[in-house]
Each structure stands twice: as structure tokens, then as C-alpha cells.
Amino acid sequence: MASYSFSAERVHLKRSVDSMLLGSVVLLTGTGLTVLFSSSFFRAGHLFGDPYRFFRTQGLFTLLGAVLAILPATVSLDRMRKFLPVMLLGALVLMSLTFVPGIGASLQGARRWIFVFGRSFQPSELVKLVMVIYLAHLLSNKQDSMDDAVNTLLPPFLVLALFSFLIYVQNDFSTAVFVFVLGMAMFFVAGAPLRYFFGLGLVSTPLAVILLLSREHRVRRLLAFLDPSLDPAGSGFQILAAERALESGGAWGVGIGLGTQKMGALPEVHSDFVFAVVAEELGLVGVVAIIALFTVFAWRGYYIAMRAPDTFRSFLAFGVTSMIVFQALLNIAVVAGAVPATGVPLPFFSSGGSSMLVTLLACGFLLNVSRSVSDPEELHG
Amino acid sequence: MTDTHSEGIMEQSSKNRRRIIIAAGMTLVFSVSLVAGYADIMVFRPDAERPVGSRGIGVERGPILDRNGRVLALQTELYTVSAWVPYVRDPDTTAVELAGIMDRPVDEILDLLTGPRNFVYLQRRVPQRISDQITSAQAEGRLRGILLEPTASRTYPHGDLAAHVLGFVGTENRGLDGIEFMRDRDLFPTDGRPRADMLYGNQVVLTIDINIQQTADRLVRETLARERADSAMMVVLDARSGEVLAYSSAPTFNPNTYGSFPADARRNRPVSMIFEPGSVFKVFSLASALELGSTRDGDVFVTDGIYHPESWGSHRPITDIQNYGTMDLRRVMVRSSNVGVAYATENLTAQDLYSRLVAFGFGEPTNVGINGEEAGLMNPPERWTRRSLPTIAIGQEVGVTAMQIAAAATTFSNGGVLVAPQIVREIIAPDGTVLQEFERRPVREVISPSVAETILDYLHSAAQPGGTGVRAQIEGVEIAAKTGTAEYFDALTGTYSSDRFIGSTLALFPRENPEIIVYMVVENPQAEFIWGARVAAPVVAEMAEFLIPYLGIQRDGDRSVPLPEHFARELPSLPEMRSVMPDLTRLPRRVVSSLHSRDDISVEIEGSGWVVRQTPAPGTPLEHGMTVRLELE
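Residues numbered from 1 in each chain as written. Chains lettered and ligands numbered in written order. Predicted model: local features only at pLDDT ≥ 70, side-chain atom pairs only at ≥ 80, totals over all residues. Heavy atoms only, no water.

Asker: Got a sec to walk through the overall build of chain A? Specific residues and values, please.
Answerer: Secondary structure summary: chain A contains 15 helices and three strands in total. Scored against the burial criterion, the 381 residues of chain A give a buried share of 57%. Put simply, chain A shows about 14,900 Å² of open surface, and 71% of that area lies on carbon and sulfur atoms. (Helix = DSSP H or I, 4+ residues; strand = E, 2+ residues; numbered from the N terminus. Buried < 20%, exposed > 50% of the residue type's maximum accessible area, 1.4 Å probe, protein only. Areas by Shrake-Rupley, 256 points an atom, 1.4 Å probe, with all protein chains shown as cover.)

Asker: Account for the environment of Met356 of chain A, with residues named and values stated.
Answerer: Residue and element names in this part refer to chain A. Assignment of secondary structure puts Met356 in helix α14 (residues 353–371). The spacing of Met356 and Pro345 is 11 residues in sequence and 9.8 Å in space, taken between C-alpha atoms. Excluding its chain neighbours within four sequence positions, the residues that come into contact with Met356 are Thr29, Gln58, Phe61, Thr62 and Phe348. (Contact = heavy atoms within 4.5 Å.)

Asker: With reference to specific residues and values, describe the packing of aromatic side chains.
Answerer: The full count for this structure, using the stated rule, is 22 aromatic pairs over all chains. Aromatic side chains Phe157 of chain A and Phe180 of chain A sit 5.8 Å apart centroid to centroid with 70° between the ring planes, which places their arrangement in the edge-to-face category. Of this pair, Phe157 of chain A sits in helix α7 (residues 149–169) while Phe180 of chain A sits in helix α8 (residues 173–189), placing them 23 residues apart in sequence. For Phe180 of chain A, a relative accessible area of 19% puts it in the buried group. Ring centres 6.1 Å apart and planes at 40° place the aromatic pair Phe294 of chain A and Phe349 of chain A in the tilted group. Here Phe294 of chain A is found in helix α12 (residues 274–307), whereas its partner Phe349 of chain A is found in the loop between α13 (311–335) and α14, with 55 residues between them in sequence. Considered together, Phe294 of chain A and Phe349 of chain A belong to a single accessibility category, that of buried residues. Three or more aromatic residues joined by ring pairs form one cluster here, namely Phe281, Phe284, Phe360, Phe362 and Phe412 of chain B. Of note, Arg81 of chain A hangs over the ring of Phe312 of chain A, and the distance from its end group to the ring centre comes to 4.1 Å. (Phe/Tyr/Trp six-rings, centres within 6.5 Å; stacked < 30°, edge-to-face > 60°. Lys NZ or Arg CZ within 6 Å of the ring centre and 35° of its normal.)

Asker: Explain empty space enclosed by the protein to me, using residue names and the numbers behind them.
Answerer: Residues and elements named next belong to chain B. Across all of its chains, the model carries two cavities of 30 Å³ or more by this definition. In this model, the largest cavity occupies a volume close to 80 Å³. Surrounding the largest cavity, 13 residues form its lining, Asp160, Asp217, Ser248, Ser249 and Thr252 being those nearest its centre. Elements with a minimum of two residues in the lining of the largest cavity: α5 (163–166), α8 (210–226) and β11 (244–250). Here the residues of the lining of the largest cavity sort into five nonpolar, five polar and three charged. (1 Å grid on protein atoms, 1.4 Å probe; cavity = no way out; pocket = protein on both sides within 12 Å on 5 of 7 lines; lining within 4 Å. Points joined across faces, edges and corners; volume = space filled by probe spheres on them. Nonpolar A, V, L, I, M, F, W, Y, C, P; charged D, E, K, R; others polar.)

Asker: Give a description of the confidence of the model for chain B that names residues and reports values.
Answerer: Residues shown with low pLDDT carry predicted positions that ought not to be read at fine detail. Residue and element names in this part refer to chain B. Mean pLDDT over chain B stands at 83; residues scoring 70 or higher make up 89%. Counted against residues more than four places away or in other chains, residues 1–12, with its pLDDT under 50, gives six contacts. Residue range residues 192–197 is modelled with pLDDT below 50. Its contacts to residues more than four positions away, or to other chains, number 14 contacts. (pLDDT = per-residue confidence, 0-100.)

Asker: Give me the lowdown on the packing of helix α6 (residues 123–141) of chain A against α7 of chain A, citing residues and values where you can.
Answerer: All names here are of chain A. One way to put it is that α6 packs onto α7 with a least axis distance of 11 Å and a crossing angle of 175°. When the axes of α6 and α7 are compared, the pair comes out roughly antiparallel. Touching Ser124, Val127, Met131, Tyr134, Leu135, Leu138 and Leu139 of α6 are Pro155, Pro156, Val159, Leu160, Phe163 and Ile167, all from α7. For the contact of α6 with α7, the per-class residue count stands at 12 nonpolar, one polar and no charged. (Axes fitted to C-alpha atoms, helices over the stretch in contact; angles between N-to-C directions. Parallel < 35°, antiparallel > 145°, perpendicular 65-115°, else oblique.)

Asker: Provide a residue-level description of the side chain of Asp320 of chain B, including the pertinent values.
Answerer: With respect to the secondary-structure elements, Asp320 of chain B resides in the loop between β14 (318–319) and β15 (326–328). If we ignore the near neighbours within four places in the chain, the residues touching Asp320 of chain B are Gly305, Ser337, Asn338, Val339 and Gly340 of chain B.

Asker: Explain the pattern of salt bridges to me, using residue names and the numbers behind them.
Answerer: Residue and element names in this part refer to chain B. All told, the structure shown has 25 salt bridges over all chains when counted by the stated rule. Between Asp184 and Arg61 there is a salt bridge, with the nearest N and O atoms lying 2.6 Å from each other. Here Arg61 lies in the loop between β1 (59–60) and β2 (64–65) and Asp184 lies in helix α7 (residues 184–187), a separation of 123 residues in the sequence. Across the pair Arg104 and Glu108 runs a salt bridge, and its minimum N-O distance is 2.6 Å. Judged by relative accessible area, which is 38%, Glu108 ranks as partly exposed. Connected via shared salt-bridge partners are Arg61, Arg154, Arg174, Glu180 and Asp184. (Salt bridge = Lys/Arg side-chain N within 4 Å of Asp/Glu carboxyl O.)

Asker: Give me α8 of chain A: which residues, what numbers.
Answerer: For α8 of chain A, built from 17 residues, the straight-helix expectation of 24 Å at 1.5 Å per residue is met to within 8% by its first-to-last C-alpha distance of 24 Å. Counting buried residues in α8 of chain A gives 15 out of 17 residues, a clear majority hidden from the surface. (Expected span 1.5 Å × (residues − 1).)

Asker: Kindly report on a nonpolar patch on the surface, identifying the contributing residues and their values.
Answerer: Residues and elements named next belong to chain A. On the surface, a nonpolar cluster with roughly 220 Å² of combined accessible area is contributed by Val17, Leu22 and Val26. Checked against the element boundaries, Val17 lands in the loop between α1 (2–13) and α2 (19–48). Note on Val17: relative accessible area 31%, which makes it partly exposed. (Patch = residues over 30% accessible without salt bridge, like charges linked within 9 Å, V, L, I, M, F, W, Y side chains within 5 Å.)

The following block contains the structure:
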């Protein structure tokens, strides 16, 4: 085991990062910032008298994230695995802080933020990444006993369930489900026997339904999804407004900065519904282009996961790629009205410092793994 | 050792890789279907399936005008006030300040700001004045989180005037009812997508005359209250062209705030309420009988108040409220004798009467151009019983709409030719080009001109002392009128009500060459009387008293001046009388007489011809209750 990791370390040091992956990350970040500016200047100007407000904040976090991402991009991944207990504990502490008066903050009825130096931070964003690293570590360590439900599968499952539950208690049902599903995807790739997934599905579906229906606003969102016109002024409003934005976009869009739905018609337009602005201003062409960028990112990410020299790097690459891609697809599906409204942001695009930071950190890990990937010829040759 | 170890890992790895490929494949399938979904919504969805209002920005819906070009509905720029609650700093002070600006209770706004929703509408259709106040408060750093959205909005400057004709427009600027709905394609520009450029809709000019409509609305409202009725309605037609001059129904609603009215108030009764017309229907059955030759002018009937042929067996007899004895056909009409009508139609075949009544338009919608129109109930002869023919002839076992009765009456003012009623006169493009002009639409010859004359003559007698329509009589102009009272037929139970009635009166005037048709219906009057002769005929007379001077119909038996086809458009229009007295000199009597319809000032008009002197003088501020005197020469 030890000799194996040593050889992997040796391999990755002489490689350079995957240039196509880096290119797609840079393009996504740049496009994201541009669209965010276009989507937010009206509201920011309206609310704060400063049209650049959201853009500047997001720009700062992007810079900060890019600098911080150097760490996961260059750190020795094997050495980092030793600090996992610390990271896990840190995430747990941050999550608990959201419940501490004075530090934790409740916005819009959800208690998911903590305030540090006058800035709010959403620990659940970080939990997504920490869970990925933790599961990659644990599941790769136990590759030879994946059939052992009690000793191999149960402990990481309980940790995953605990964090999902903590996020649920913060009144963030969709992120909780998202983290849980992401974890399940990692169990799947790690080779957990399929029968457990079926069993879990049977148990968790009714549970999820009960938790889903336990809060009025979730039920209302669900009803609004099923028929937005039932309550066009309330819960169905975002869905209908997003649909209007899509329709007014057409094939070619109305032009960047020229969309009208963001002007008050579409609440939360700069965060969860930013993709509606893409659709209105850049048209179907822009929509396809951005989905294509995410597809390139996914392709490189999963390619790296398949070519990674060991299972930890493979699972890590798979996990961070999925984390970003799943969020993107989910968010884009919500804007199209294909799935009920959730609070899942669009990575690189949605306004939100925590999401931006964590997305860039995740990309750092992915780039790190990409350096250890050997070319196919070399591998087989 | 390294080899075996890495071999074990390789084996595991290929399973992992397979699963990564599965996950990646699912991701790809999902993204492809997302692209397909977006393409479907953004490009391929046909216009008709788009939710209303998706193209509502940068578009000006065309105005609806009355026949003289007065604006009945127009687009205005209003604002929607909403709040994004998470950004509202202090709900209490915000609510207090907004309550002051919008003139609403503080509690109401506070409830919205502290409710479970993040996004709330505080008020729609707020005028510029209020939006300016909110903007300036925000410039001073207050009212954070309050949003203003300019919204194209429909305004009906005359409030509930002609509400049922106009209908209303949804928040997405698309017509939902009435002309707004029926002519939505004309009013709402459909070519091209809204861009920075505005698109303008066409103007729809109605046949409605705002002054006649105002009078009809007032009369109908007053009748509803006075008779404590469930509903009341009046249709006024240009007897020659079939143009609807007024179309009134109460209870009514204000299209500016249609949402706050019950559905019953918005119900378009004159085209959708089916009722048994009762004796008014004798006009059409006797006309049919005369046309088909089963009776002739001058025929005399010996009656004893009961009509019950032996062949009827157990069928109820047809009776009169008293024994009228021996009558000629004219008296049958004047007294509205059921038994007389039964005798007069005795020799008709069911098929003949049926086809003739269908030719009058009964049993099919008039297609006047208002949505929700009903065809009425006209059973085919196969379903008639032995008693059906005389029963239908006296206006039972048949269901009509008010519009059908008024439209069928055009037959008598057009030499026996039925003329289709119309409510839209012209469609005019934004640049003034007339796109469509609706001409008089003769439908078919139903009866001969001489039968039409005979019926008008009978109806004139019916409006004389001794006739049921005497209360529709007016001084100086000969009027032809027929009243009717029917038991309310409950379609649900299939039974007649013994305590709910529908009283109505149909009138045409002047008797020779009628220019105007008025039909008034009162549903379930619960005051002193139930009879059409009592509840509806006096209202018809009031309407006529307004119309005769307004349209310049000559009184005192002078030959009437025929109504020119475009009688009103060629007239100079009455200046706006809002705050100050305008100059009314040189205006013809016809124009100034419309001032009679105003209930805020009283008007005295002396002489005929054109206004030569007026008091108060032009420029005098107008006050409620002021008397305006006009001298004409």
C-alpha cells in the first residue's frame, strides 16, 4: 500500500496540469462574472445605489479563491489525507457555529450562515468538499472489502448522514439532499454492491418525503413546480418569470445587458436564477455554449478520474467533478422548470462567496489530480 | 509482491472505471435532455402555447373607442409595487411609510412584509405619483427592499361604463373577456417579438355610443335597485344597421378592478342568460303565422279564456288571465291573449313555425361579437308535444337571449329582412389606416315587408291605452312595443318557478321606419310588480325620452329624419367638460343634448338648431349640481 502511494507521488510530480480542464475553469469563471454583473447591476443599483456591488464582491471572492486554490492544486495529496480528521472536525465545528447566537445568522428563514469579519459564510458549501475528500479517502482505503456492510460501508455512511442531517436542520433541505446524493454517487463509483442502493432507496424515499413535506415553504415550492399558475404571485412566480425570460431570449438572445426580466420581475436573479439571465440575454446559443463548457469540464474531470493512478485520486477527482457538475445541471434544470425550485447555486455563476470559494478550491484538487495522470499511450505502452 | 498488489487494485479499478463511465454517461444524457428542454421552451414552442404576457413588454395594446372616437379603454404605464422581504430593513417603519404613500392600512402592509413569503406584491396598478414618492424615499436611503416595476396596464377611464362589452385585461396585458378578449388579436400586436422598439396594437372602434350607453347603464342600475331584481339588462340597437348602440347589464363590475367583483357581476347576461321570453315572443310567432298564411290581418277569434282542444287529453289548457271574448288579430296582440295566439297559430304545422322562428334567429347565436354567447333553446319539431306549438307561440318552451330578441326585431325595421347585430364598427391601424370596416349584414328575408308593417302597426296599438305596452308610450313619437312576463324556468329541475318571474319589454320607434330597437329585461323583480308592462316598459320609455332628442328624431308626428349611416361621426364632438365650462356655441342640438345624460349638472336646452348663448360663460369653474342653460337658434 505504502509503496503504491509512493510511486503515485512520483508519477504526478513530473506531469503538468490538464490544460483543457484549466481552460474550461478559466472560461467558466470569466463568463460567470460577466453574467453576474449583467444580472445584478439593476438590482444592486436599485437596492444599494451601487450597481457594481455584487460584481465587486464576487470578483474579490474569485481572486481569493484563485489564490487559495493554489494550495489544493500543489499540496501533496497523500500528506493531506493525514489531516482529514482535522478537516472533518473543522467542518463539524463550522456547522455548529451556525446555531451559535452572535455568529450564526438566519437569513430568509434559514440558519445556514456564519458571520466572520462582517462577511457571511455558508459552511454547508465547505461540507460538500470535505465530504468528497473524506469519502474518497475512506472508500479507497477499503477497496478490498467493499462487500462488508458493517465495517466498510456503515461508518462513512453514518458520517455522511450526520452532515446531511445537520444541513437539513439548518433548513436547507435541498443542499442536504444534494450532499447525500453526491455521497451516494461516490459509494457507487467506489464499488459498493448495488443491492445496498436498492435497499437504501426503499428506506430513504419515504423519509425524504416526510422531511420534504414538514415545512410549509417546501410544500409550496413543490406545488408551484407542479402548477406555477396556481399561485402566480407567490411561489410560482420565479418559475413563471424564468419561463418568460427563456421565451424572450429565443435563439439568439436579446443581447448581453439588455434583458428585462432581471429588473425586478425575477427575484434572486443574481443567485439561484442567474441562468435565466443567460437564457434571456444570450439566447439558446448562450445556453448551449455554457452547458457545453460544463460538459467539457465534466469530460476532463471524469477522464482524470479514470486515468488517476490510484483509487483515492480517482474518487477525489470523480467527487469534485460531480460536485460541480451535479450542482450545475440541477440548477439549470430548476431554471427550466424541469425540477422543483431548490436552493442549489450555479457554480461559477451564482452570486455567493462561499460557493465561489469552494468551487475554486475543488478545481484546485482536480488540477492537482490531473498532474498525476499519465497519458494513455504511456499507461498502456 | 508489488505486482500482485497492483493487479488486485487494477481489477477493482476496472469496476470503478465502469461505474465512473456509467455516472458520466448519465450526466451526459441529463445535459443533452436539458439542452433539448431549453430549445423547446426558447425556440420551438409555438406562440399560442406561450403563457400570456410573455411578450407583454414594449408593446402597447390598442385603445377601444366608442363610435365617436371617445376612449373606452387605453393602455397606461402604471407601476407594480413589490417587496423582496429579506432586504427590507425594518418592516415596521417601512410599512408605516408605505401606508402613508399608498393610502392603505399599516397592518395590511406589515402582514405582507412579515409573512412567510420572501417576494410579495404590495400593490398593483400604482400611478406615477406614488411611484415617484417611493423612488424619492429610496434616494434618501429609506424603503429598502421595495421594488417598483413599470407595468403596461389597461385603464378604463369611464369605470364600469359598458363593462360587459369591454371585458377586461389580465395582468399580462392579454384580453380575458368581452371585446378585450374577442379582439385580442387586433388590440395586441402579434407580429414580431418585443425589442427595444414598441409595437402598437390596432384601435377597435365600437358601435357603442358612449352617451346612450351611459344612459342605459344608469337606467339598468336604477331598475335593479328599484325592482329589487336579481338582474336587469338593456340592449339598444340601431334598427337599420343592427349596430349595438348600448349594451347594459346589472349587476355590473368595474373592469379596472375586475378581480374584486364576484363572477356573477361579470356575467355577460344579454348574450348568455337564456330565459323564456313570454308574450314578447308573440311578436315573432304572429309574424310567422301571418307570413305562413295561417291567419290574416282582420281575422276574428271567438274566445272564452280557455283553449283546450279535445285531442290534448291530459295537457294543461292554455288560458288568458280573463275572458277577452271576441277579438280581431290586432286585439290579440294588444291584450296579449294567449288563447287568441293559440287560435291564430292553430293551422300551422310544427315544421313551418319552427323553420320560421329559426329564420328569425332563434336557436342560434347572433354572433354579435361578444364572447360566451348562447344559442338559446329551440327544440326541433320531433320533440314537440301536441301542446308545444301554441305553447311556443306564446313564448314558453323556448329559451332566448336578450340579444336574440333585439336582433330578431330588426326584421320589422328592415322590410322583413333580418339584420345581424354588430358591436365592432372598424379596426383602425395605429397609423390611422382603416383595416376593416364592418358593413351592415342582412342575413335573410324572414317575412314580407307587408307583414313587417302589420306587426309594427299592431305593436303601436299595443303601446296605446288599453294595450299592455302603454307605459312605454312617449309623447310626440309613435312607438311600437310589446311586453312579456314569464315564469322563471329552472333548467336544473326542469320546472317553472311560481314566484320568480322575468319581465321584459321590446320597443321599436318611430313606428314608421323605426330607427331604434330597445329591449329591456328584468329578472326576478321583487318589489311591487312582476309584470314586464310595469317593471320594464317605463324604463324603455325613459330610454326613448333620452334617445329622441339625442338622435334628433322628430317629435309630434313630423316625418322623422332618417338616421344617417354615420350620423355621429359627422357631428362635431362635445368638448370635455371636467373642471371648467367649455365654449359650446355653434354646436348643434344633437350634440349638446347629450349633456342631459350627466348626473352631476343639470342642463336646460331651449330652442332648436345651434347653440347661440350659454350660461355660465366659457371658463367658469364647473361645480356639482350646477345648472347649465343653453339657448339655441
